[in-house]
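This is what each chain is made of:
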Amino acid sequence: MTATRAIKVLGIGGSLRDGSQSERALRIALAGAQAAGATTRAVTGSALTLPFYDAALDQRSPEATALVEAVREADGLVVVSPGYHGALSGLVKNALDYVEDLRSDARPYLDGRGVGLVAVAHGWQAAVTTLDQLRTIAHALRGWPTPLGGAVNSAEVKFDEAGGASDEKVVGNLQMIGRQVAEFALARAGGV
């Protein structure tokens, strides 16, 4: 990377279960961003246990404030959600709702940022519908979804603790999603 400053990619996702399949997928995608030269950070699991988003409240919990600041500082994001009953998890949706707090920023919402999206579900239908919903939300927040999105059927693919998965093509696709986020951020920064 040749940008004048380090490109920052923020990962958001997973579930409340430490080491969940969706959190492991997120970490593989972030490894792809890191391989492209980005610095990465993940907000997962209990760090996403936030009060329900309420636009009428001025006060935010320390965790919500930290999440909003991390998004504000990010040049790109990778969002991974488990697919629950054909939809993204409430945990991930609530975290994305907090992006509303960036509405008055010079760079509102996810404006000008690449957003890599991945859905992990036990079955293709839930994985695909969850990915579609994540893309819709990214567009609504003015983000630029990467050309490649990930729908992972956890009935067929298992992630391991070592940072891999039972299907190398899935690993490669997740890493590519992370790379695309970092490359988009670099291009926006004028480094390409």
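Further up the page is the structure itself.
Residues numbered from 1 in each chain as written. Predicted model: local features only at pLDDT ≥ 70, side-chain atom pairs only at ≥ 80, totals over all residues. Heavy atoms only, no water.

### Observations concerning the environment of A70
Of note, A70 is situated in helix α2 (residues 62-73). Judged by its relative accessible area of 7%, A70 falls in the buried class. (Helix = DSSP H or I, 4+ residues; strand = E, 2+ residues; numbered from the N terminus. Buried < 20%, exposed > 50% of the residue type's maximum accessible area, 1.4 Å probe, protein only.)

### Describing the pattern of salt bridges
All told, the structure shown has 8 salt bridges when counted by the stated rule. K93 is paired through a salt bridge with D97; the nearest N and O atoms lie 2.4 Å apart. On the criterion of helical spacing, the pair formed by K93 and D97 is a turn pair, its members being 4 residues apart in helix α3 (residues 90-97). Because the salt bridges share partners, they merge into one network encompassing R60, E100, D101 and R103. (Salt bridge = Lys/Arg side-chain N within 4 Å of Asp/Glu carboxyl O.)

### Topic: the nonpolar core
With 32 residues, the main nonpolar core has L10, I12, L67, V71 and L77 as its most contacted residues. Elements with a contribution of two residues or more to this core: β1 (8-13), α2, β3 (76-84), α3, β5 (114-121) and α4 (124-140). The element that contributes the greatest number of residues to this core is α2, accounting for 5 residues. If sequence neighbours within four positions are ignored, L77 has contacts with V9, L10, I12, V71, L110, R113, G114, V115, G116 and V181. Core analysis: the second largest hydrophobic core is formed by 25 residues, V9, A33, V120 and V170 among them. (Core = buried A, V, L, I, M, F, W, Y, C linked by side-chain atoms within 4.5 Å. Contact = heavy atoms within 4.5 Å.)

### Some thoughts on the side chain of S89
With respect to the helices and strands, S89 occurs in the loop between β4 (87-88) and α3. Within the structure, S89 has its side chain in polar contact with the backbone nitrogen of V92 (distance 3.1 Å). Once you skip the residues sitting within four places of it in the chain, S89 turns out to touch S81, P82 and Y84. (Polar contact = N/O pair within 3.5 Å; in protein donor to acceptor, adjacent residues only side chain to side chain.)

### Overview of the packing of aromatic side chains
Summed over all chains, the structure comprises 2 aromatic pairs. Judged by centre distance (5.0 Å) and plane angle (80°), the rings of Y53 and Y98 are edge-to-face. Residue Y53 is found in the loop between β2 (39-44) and α2, and its partner Y98 is found in the loop between α3 and β5; the two are separated by 45 residues along the sequence. Using a relative accessible area of 18% as the deciding quantity, one classes Y53 as buried. Between W144 and F184 the ring centres are 5.5 Å apart and the planes differ by 35°, which places this aromatic pair in the tilted class. (Phe/Tyr/Trp six-rings, centres within 6.5 Å; stacked < 30°, edge-to-face > 60°.)

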